[in-house]
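Letter by letter, the chains look like this.
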Amino acid sequence: MNGGDEVVAASADPSLPLEWRFSQVFGERSAGEEVQEVDIISAIEFDNSGNHLATGDRGGRVVLFERTDTNNSSGTRRELEEADYPLRHPEFRYKTEFQSHDPEFDYLKSLEIEEKINKIRWCQTANGALFLLSTNDKTIKFWKVQDKKIKKICDMNSDPSRTIGNGTVASSSNSNITSSCLVNGGVSEVNNSLCTDFSLPPGGISSLRLPVVVTSHESSPMARCRRVYAHAHDYHINSISNNSDGETFISADDLRINLWNLEISNQSFNIVDVKPAKMEDLSEVITSAEFHPTHCNMLAYSSSKGSIRLIDLRQAALCDSHSKLFEEPEQAGPKSFFTEIIASVSDIKFAKEGRYLLSRDYMTLKLWDINMDAGPVATFQVHEYLKPKLCDLYENDSIFDKFECCISGNGLRAATGSYSNLFRVFGVAPGSTETATLEASRNPMRRHVPIPSRPSRTLSSITRVVSRGSESPGVDGNTNALDYTTKLLHLAWHPNENSIACAAANSLYMYYA
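Conventions and cut-offs
Residue numbering note: each chain is counted from 1, following its sequence as written. pLDDT decides what is reported in this predicted model: residues at 70 or higher carry local features, side-chain atom pairs at 80 or more are listed and counted, and totals for whole chains, interfaces and linings draw on all residues regardless. Only hydrogens and water are set aside; all other atoms, that is, all heavy atoms of the structure, feed into the side-chain values. UniProt positions are given in the numbering used here, feature names are shortened, and annotations may be inferred rather than shown by experiment. Helix and strand assignments follow DSSP, with helices taken as H or I runs no shorter than four residues and strands as E runs no shorter than two, numbered in order from the N terminus. Only protein chains enter the accessibility calculation, which uses a 1.4 Å probe; a residue is then buried when its area is under 20% of its type maximum, exposed when over 50%, and partly exposed in between. The contact criterion used throughout is that any non-hydrogen atoms of two residues lie within 4.5 Å. The Shrake-Rupley method, run with a 1.4 Å probe sphere, supplies the accessible areas, and residue values consider only the shown protein chains as cover. Grouping buried Ala, Val, Leu, Ile, Met, Phe, Trp, Tyr and Cys residues that are joined through side-chain atoms within 4.5 Å yields what is termed a nonpolar core. Note on pairing: two strands pair once DSSP finds at least 2 bridges between them. Each axis is a line fitted through C-alpha atoms, taken for helices only over the stretch in contact, and angles between the N-to-C directions span 0 to 180 degrees. What goes into a patch is any residue over 30% in relative accessible area without a salt bridge, connected to like charges within 9 Å or, for nonpolar side chains (Val, Leu, Ile, Met, Phe, Trp, Tyr), within 5 Å. One speaks of a salt bridge when a side-chain nitrogen belonging to Lys or Arg is within 4 Å of a carboxyl oxygen belonging to Asp or Glu. Only four residue types enter the tally: Lys and Arg on the positive side, Asp and Glu on the negative side, with His and both chain ends excluded. Throughout, a charge is located at the NZ atom of Lys, the CZ atom of Arg, the CG atom of Asp or the CD atom of Glu.

Looking at an unreviewed UniProt entry, one finds the chain named WD40 repeat, with Arabidopsis suecica as its source organism. Under the UniProt heading Function (unreviewed entry), the entry covering the chain gives this text: "The B regulatory subunit may modulate substrate selectivity and catalytic activity, and may also direct the localization of the catalytic enzyme to a particular subcellular compartment." According to the UniProt record, the Sequence similarities (unreviewed entry) comment for the chain is "Belongs to the phosphatase 2A regulatory subunit B family."

Undergrad: Teacher, can you tell me more about the overall build of the chain here?
TA: A count of helical and extended segments in the chain gives four helices and 35 strands. Scored against the burial criterion, the 513 residues of the chain give a buried share of 47%. Contacts in the chain between residues far apart in sequence, at least 24 positions, make up 58% of those at least 6 positions apart. About 26200 Å² of surface is accessible on the chain, with carbon and sulfur atoms providing 49% of the total.

Undergrad: Can you walk me through unusual backbone geometry in this structure?
TA: Negative phi is the rule for most residues except glycine; trans is the rule for most peptide bonds. Although it is not a glycine, H231 sits at a positive phi angle of roughly 60°. Inspection of the secondary structure assignment puts H231 in the loop between strand 13 (212–229) and strand 14 (239–242). For H231, a relative accessible area of 82% translates into the label exposed. Of note in the backbone geometry, D397 takes a positive phi value of approximately 70° without being a glycine.

Undergrad: Explain the nonpolar core here, please?
TA: For soluble globular proteins, the rule of thumb is that nonpolar side chains tend to be buried together. Residues F423, V425, L491, I500 and C502 are the most contacted members of the largest nonpolar core, which totals 17 residues. Contributions of two or more residues to this core are made by strand 28 (422–427), strand 29 (435–439), strand 33 (491–493), strand 34 (499–504) and strand 35 (507–512). In terms of residues, this core owes the most to one element, strand 34, which gives three residues. For L491, the contacting residues outside a window of four places in its chain are I44, E404, C405, C406, A415, T416, G417, F423, I500, A501 and C502.

Undergrad: How do you make sense of the sheet that holds strand 2 (residues 41–46) when you look at a structure like this?
TA: Each strand in a sheet pairs with another by means of backbone hydrogen bonds, the pair being arranged parallel or else antiparallel. In space, the four strands of this open sheet follow the order 2-3-4-5, with antiparallel pairing throughout. Here the strands that pair on one side only, and so sit at the sheet edges, are strand 2 and strand 5 (92–99). Strand-to-strand twist of the sheet, defined as the mean angle between neighbouring strand axes without regard to direction, takes the value 20°. Alignment of strand 4 (residues 61–67) against strand 5, held across seven bridges, turns out to be antiparallel. Opposite R61, over in strand 5, you have Q99 as the bridge partner.

Undergrad: Help me out: how do you make sense of a positive patch on the surface in this one?
TA: Positive charge collects at one region of the surface, where K148, K151, R224 and R226 lie side by side. Mapped onto the positive patch, the elements with two or more residues apiece are strand 10 (140–154) and strand 13. One can find K151 in strand 10. On the basis of relative accessible area, K151 is assigned to the exposed category, the value being 60%.

Undergrad: What's the story with the pairing of strand 34 in this structure? I'm lost.
TA: Walk down a regular strand and you will see the side chains alternate between the two sheet faces. Within strand 34, six of the six residues are buried, leaving the element largely enclosed by the surrounding structure. Covered by surrounding structure in strand 34 are S499, A501 and A503 together with I500, C502 and A504, the residues of both alternating faces. Relative to strand 34, strand 33 runs antiparallel, the two being bridged by three bridges. Bridged to A492 within strand 34 is A501. In textbook terms, the turn of a hairpin is the stretch between consecutive antiparallel strands, and for strand 34 and strand 35 this stretch comprises two residues, one of which, A505, has a positive phi near 60°.

Here it is as structure tokens:
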């Protein structure tokens, strides 16, 4: 594991802070428009190429978008910049949508299973088709989306301007009909059983011509469910992750992680089980799980106690023992009732090269180096100003909100969401002090807050701990109190470019820099 070269290289020449601009919005609400619960976006994911984007909502639907902007020039990015060639930002358009999950009812446990999409993960493409996994609380589905040629029916005997009953005939070909003698069933008069609007040519029809199905040049994307992976989780599924081998994936619930083969839907292997012999002894649950991006034998999972465990599938069939444990050193001083709640990790993401791991808890965003388990490499304050309001947040359940995080393809920046539809972008490269607060709207800098940075605390020549974030109370740039009912939980970073897609209720906003 010698990744991280890009991050280290960037420290010698740290990049300038990015200037974020609005790109696109899908499903924008008008002022005062009420949002339907089923339309709220619950999952966002770019594919590995960055040419497709998928979103899932609480109504069980998956919506696909495809990239439309093309760059016909050749050469590297540096060559294009030197040639003063205008680089275009990613632009997407609606491709298709399909109903992935429907509401179900578990009669054995008397539980309703809602259709909400929890996670979406893209799989490897093949033969021009797109493949992806989607899951709700209990069932994972494997989808294939492929463009199909549209077939039309044409070439019939009847006059297209005439109809039989309520049906309309597609087209006709009467040019070859002759008025010669009747042959093989020709009729000399109209049958009284036919509608009076329908008429045969004089002399009858000389030959019977059946409808012909013709394939047109037009195509339409069609989604088909290839496999259903069900009945393997007793608790709600919170994560799915594809393996780099392209053949397997994992699914995680509160107490177990299962390993699946994409080709086998009726069998899975339990590789992590944290369920104690007595449920009264349960002290922590699994909150997120992610495969290593390049090593197919490694995966990480986080817990409600704020720890992250790295496991190696080569060590044992049941990986109850971890190979590495990442957790912040316990701080001295009294603990409050909320200490463990706000320490719970809601999301983890590996950087593209696999050396660094990003984690999000309620208060902070942390960057870990998998080669060093002494503590996080950097800590970024996201909700520091909410500490005095934890009681209120507990009363309205906001303290249990699960914010996602994402990291750029080059590993230099990370982003996560907050309240009032705000999201934060941090520079995570060594020496970077970049911090930006943006709003999910057409004017992302409208609520920009100039956020002071605290100096970093160096633990050693190798490990650094950076603490950057808001020192101001819960107000935005317009001195308005933050709205805890509008929260930006889901966002994704384009794998190859500085472009972010984020969800604000039912609207999908996209930004570029």
